[in-house]
Amino acid sequence: MSRIIVVTSGKGGVGKTTSSAAIASGLALKGKKTAVIDFDIGLRNLDLIMGCERRVVYDFVNVINGEATLNQALIKDKRSDNLYILPASQTRDKDALSKEGVKRVLDELNEMEFDFIVCDSPAGIEQGALLALYFADEAIVTTNPEVSSVRDSDRILGILDSKSLRSELGLEPVKQHLLLTRYSPSRVNQGEMLSVEDVEEILHIPLVGVIPESQAVLNASNKGVPVIFDEQSDAGQAYLDAVERLLGNEIEFRFLTEPKKGIFKRLFGG
C-alpha cells in the first residue's frame, strides 16, 4: 500500500512546494518509488522547482477528465529513477478537481506500486487544499516561526481531524508531522521570531524537521533542482534529516542554535 502524505499549511509562502519537492526527492534517493502531485491548479509551481516544466504535455486535470492516461502525464525525474512528477494544469481553475477523480488517480498510483505519494497542497482551505488532504494517511504541516503562520497551521490541524476520509470512516487519525521552515536562531535570540519550543507548545504535534533560513533554497529553486540535492547546504542537510525521520529513523536535530563566532569574528565583528 502506498503511503499518501500531504504537505500542507494554512498560509501561503511558507515553502510547501519547496518542501514537497525536497521530501519526494529524498524518499526517492532512499530507494522508495515516489510520486509527487501538484494540487495547486491554476498556478503550477512544482514542475518549475523540479526542473521539468518544458516536459509537461499532459497534467493532473487531463488525467481526471480522461483526456490522457496517468502514464502519459507522469514525468520521470532526470536525477532519480524512483521519482515521478504529476504536474498541475495552468489553464483550469480549482473546481477542475473532483473527489472521485482524485481517488481514481491515487488508486492507480497505488496499483503501480508506488511506496509514497506526496501531495503538494495549495495554501488555505479551498477545494484543491481540501482534496489534497482528504485521502492523506499522513500530513506534513509546514509553517514559518511567526504567529500568523502558526495560527493558520493550527486551523489546518482542525480540518485534518474533521474533514479527512480517515475521520469520516472513524479510522486511525491522519498522522501529523511539524515542519518548521525559514528558521533563524539569531532572529529567535533577538525576539524576532518564535522558537522551536514556542511552535511545538502551540501546535502539539511531533517535529519532523527544522529547515534553516538559507540562500541555498532560492538558488536551488532558480536552477530547477530541489535543494535536498545540495548536500553541502544546511537546508539540504536538514531536509535529508527530515526524510530519515519520516522513514522512522532517529536523527538528532541540527541548526537549532546560533553558530559560535570564532575569535576573529568576536574581535572584529561579522
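Please refer to the structure placed before this passage.
Criteria and cut-off values
- Residues numbered from 1 in each chain as written.
- Predicted model: local features only at pLDDT ≥ 70, side-chain atom pairs only at ≥ 80, totals over all residues.
- Heavy atoms only, no water.
- 1 Å grid on protein atoms, 1.4 Å probe; cavity = no way out; pocket = protein on both sides within 12 Å on 5 of 7 lines; lining within 4 Å.
- Points joined across faces, edges and corners; volume = space filled by probe spheres on them.
- Helix = DSSP H or I, 4+ residues; strand = E, 2+ residues; numbered from the N terminus.
- Nonpolar A, V, L, I, M, F, W, Y, C, P; charged D, E, K, R; others polar.
- Pairing = 2+ DSSP bridges.
- Contact = heavy atoms within 4.5 Å.
- Axes fitted to C-alpha atoms, helices over the stretch in contact; angles between N-to-C directions.

Novice: Please clarify how the layout of surface pockets should be interpreted in this entry.
Specialist: A volume near 390 Å³ is recorded for the largest pocket. Every residue lining the largest pocket is counted, 22 residues in all, and those nearest its centre are V14, G15, K16, T18 and R182. Contributing elements (two or more residues each) for the lining of the largest pocket: helix 1 (16-29), strand 7 (175-183) and strand 8 (207-212). Sort the elements by how many residues they give to the lining of the largest pocket and helix 1 lands first, with 3 residues. When grouped by side-chain class, the residues that make up the lining of the largest pocket number 9 nonpolar, 9 polar and 4 charged. If you add up the space inside the second largest pocket, you get close to 330 Å³. Forming the boundary of the second largest pocket are 15 residues, of which M1, I4, D107, F135 and D137 lie nearest the centre.

Novice: Any chance you could explain the sheet that holds strand 8 here in plain terms?
Specialist: In a beta sheet, neighbouring strands are held together by backbone hydrogen bonds and run either parallel or antiparallel to one another. Strand order in the open sheet made by the 8 strands is 3-4-2-5-1-6-7-8, with mixed pairing throughout. Every other strand in the sheet has two partners, leaving strand 3 (75-76) and strand 8 as the edge strands with one partner each. Contacting strand 1 (3-8), strand 6 (138-143), strand 7 and strand 8, helix 12 (residues 234-246) crosses the sheet at an angle of about 175° to strand 8.

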